[in-house]
Amino acid sequence: MQKELNLANIRLEYPVHTISKKLLVPAGARLDQDIINSLRANNKNNDKYPLIRIMLHDTLMDDFFNIIKTSAHYSVIFSDDKSVKSMLEIITGIEIPAPIISYLEYFKIHEYYTYRHILLVFTLSTLLAMDLIKDKNKIIEASIAGPTHDFGKLSVPLSILTKDTPLSVKEKSYLQHHSIAGFVLLTYYFQESSHFPGLVALQHHERRDGSGYPLGIFLDNPMVEIVVACDIYDALVSPRPYRPMSFDNRSALEEITHMAEQNKLSWDVVKALIAKNRKTQPHFQDCSISKETRGEIPGKNLYGKIIS
Ligand SMILES: [Fe+2]
Ligand SMILES: [Fe+2]
């Protein structure tokens, strides 16, 4: 259970709708306690949603295996059978309120990049949490936030998510709305505002040096930072609508190392990610970081305009 967040200063620039298009919060509203209470109360009048095991739904598990089989970038990361087996045991037990599964189905049909990204951030962040966190319950808590970190993208028009040219200032601000929208939606569906999935949805674009959004806070939560680093890594190495070529692993890890040097990301998490990319898979504390820059950033990449 997280501390109650004070979000009264946040004013929504765009509306938030449920999966079934019911307006939850109009544009212009502030996320004060009354609104948050009403989001929770809206659903508390009804029965709790049934919980379902996300990876046992439909073809999600098969889709995950197909994605890693066809993604050269992930071949080393997921090569250690023992840790992959433990990771699968954890994610198979993760449950979410039933309506949330429709969001995955929505992206699987309408925007496969996001669907693929959600599955990879979910599995990779669980794998890293197993290395970085000792307490099993905390690992599960970190894992549960992976699949819903981009839930708020439901509130962003598909025309923006699938745009293959740089975004305008207005479009970028609409895309950035997904952090707050995700928090609102998860408060509604989980009937809880002080839980970890909502916190991660809200903070997964924040940085340790305060350079992120939406609040520009100085991120200092090891569990959130695991999802943050996995989110950036997957955004770099994966194909995106606006980028003909993805980063190779070396360039992506150099980019992420650079972000740790700038105190945007946690060194431990970056080391854990680099360790997973080594064939010998050393423990992250034994992982030395090369300062040599050898990766080649692909031409025409729009990094800097990337909003994962
Ligand atoms: Fe995001
Ligand atoms: Fe993401």
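The coordinates are above.
What you are looking at is a predicted structure, and each value in this text was computed from that prediction instead of being measured.

**Q** What's the story with the overall build of the chain in this structure? I'm lost.
**A** If you tally the helices and strands in the chain, you get 13 helices and four strands. Taken over C-alpha atoms, the radius of gyration comes to 18 Å for the chain, in line with the 19 Å a tight globule of 308 residues would show. Along the three orthogonal principal directions, the C-alpha set of the chain runs to about 55 × 40 × 35 Å. By the burial criterion, 55% of the 308 residues in the chain qualify as buried. The long-range share in the chain, meaning contacts at least 24 apart out of those at least 6 apart in sequence, stands at 71%. Approximately 13,700 Å² of the chain is accessible, and the part contributed by carbon and sulfur atoms is 51%.

**Q** How should the coordination of the iron ion (ligand 2) be read in this particular structure?
**A** Ideal geometry at a metal centre gives angles of 109.5 degrees when four donors are arranged tetrahedrally and 90 or 180 degrees when six donors are arranged octahedrally. Within the protein, the iron ion (ligand 2) binds to His117 (NE2), His149 (NE2), Asp150 (OD) and Asp231 (OD); these donor distances fall in the range 2.1 to 2.3 Å. For the iron ion (ligand 2), the four donor atoms in the first shell make angles of 82 to 176° at the metal, so the coordination geometry reads as irregular. Sequence positions of the residues that donate to the iron ion (ligand 2) give the spacing H-x31-H-D-x80-D. Separating the iron ion (ligand 2) from the iron ion (ligand 1) is a distance of 3.5 Å, and Asp150 supplies a donor atom to each of them. Taken together, the residues span a long stretch of sequence, with Asp150 in the loop between helix 6 (136-144) and helix 7 (158-161) and Asp231 in helix 11 (residues 222-237) at a distance of 81 residues. As far as the burial class goes, Asp150 and Asp231 line up, both buried.

**Q** Explain the pattern of salt bridges to me, please; I cannot follow it from the model alone.
**A** Where charged atoms from two side chains of opposite charge approach closely, those side chains can pair. This structure, assessed with the given rule, holds seven salt bridges. The salt bridge partner of Lys264 is Asp209, with a shortest N-O separation of 3.0 Å. Of this pair, Lys264 sits in the loop between helix 12 (249-261) and helix 13 (267-276) while Asp209 sits in the loop between helix 10 (196-203) and helix 11; the two residues are 55 residues apart in sequence, bridging distant segments of the chain. The class of Asp209 is partly exposed, set by a relative accessible area of 25%.

**Q** Would you explain unusual backbone geometry in this entry?
**A** The phi torsion of most residues other than glycine is negative, and most of the peptide bonds are trans. The omega angle of the peptide bond from Tyr213 to Pro214 is 5°, so this bond is cis rather than trans. Checked against the element boundaries, Pro214 lands in the loop between helix 10 and helix 11. At Gln191, a position not held by glycine, the phi torsion is positive, near 60°. Looking at the secondary structure, you find Gln191 in the loop between helix 9 (178-190) and helix 10.

**Q** For this particular structure, what's the right way to read the packing of helix 5 (residues 112-132) against helix 13?
**A** Helix-helix packing: each pair is described by the crossing angle between the helix axes and the interaxial distance. With their axes 10 Å apart at the nearest point, helix 5 and helix 13 run at an angle of 110° to one another. Considered as vectors, helix 5 and helix 13 are oriented roughly perpendicular to each other. Of the two elements, helix 5 crosses helix 13, and the hand of that crossing is right-handed. Here helix 5 contributes Leu124, Leu127, Leu128, Asp131 and Leu132 to the contact with helix 13, which in turn contributes Asp268, Val269, Ala272, Leu273 and Lys276.

**Q** Looking at this structure, how should I read the packing of aromatic side chains?
**A** Within a pair of aromatic rings, the relevant descriptors are the distance that separates the centres and the angle that separates the planes. One pass over the full model with this rule turns up twelve aromatic pairs. Centre to centre, the rings of Tyr49 and Tyr189 are 5.8 Å apart; their planes meet at 40°, and the pair counts as tilted. Of this pair, Tyr49 sits in the loop between helix 1 (33-44) and strand 3 (51-53) while Tyr189 sits in helix 9, and the two are 140 residues apart along the sequence. Relative accessible area serves as the criterion here: at 4%, Tyr189 is assigned to the buried category. Arranged with centres 5.0 Å apart and planes meeting at 80°, the rings of Tyr106 and Phe107 form a pair that is edge-to-face. In textbook terms, an aromatic cluster arises when at least three aromatic residues are bridged by ring pairs, as seen for Tyr49, Tyr103, Tyr106, Phe107, Phe151, Tyr188 and Tyr189.

Rules and cut-offs
- Residues numbered from 1 in each chain as written.
- Chains lettered and ligands numbered in written order.
- Predicted model: local features only at pLDDT ≥ 70, side-chain atom pairs only at ≥ 80, totals over all residues.
- Heavy atoms only, no water.
- Helix = DSSP H or I, 4+ residues; strand = E, 2+ residues; numbered from the N terminus.
- Rg over C-alpha atoms; globule rule 2.2 N^0.38 Å.
- Buried < 20%, exposed > 50% of the residue type's maximum accessible area, 1.4 Å probe, protein only.
- Contact = heavy atoms within 4.5 Å.
- Areas by Shrake-Rupley, 256 points an atom, 1.4 Å probe, with all protein chains shown as cover.
- Donors = N, O, S within 2.8 Å, 3.2 Å for Na, K, Ca; no water.
- Tetrahedral: all angles 85-135°; square planar, octahedral: opposite > 155°, others 65-115°.
- Salt bridge = Lys/Arg side-chain N within 4 Å of Asp/Glu carboxyl O.
- Axes fitted to C-alpha atoms, helices over the stretch in contact; angles between N-to-C directions.
- Parallel < 35°, antiparallel > 145°, perpendicular 65-115°, else oblique.
- Left-handed = near helix turned anticlockwise from the far one by under 90°.
- Phe/Tyr/Trp six-rings, centres within 6.5 Å; stacked < 30°, edge-to-face > 60°.

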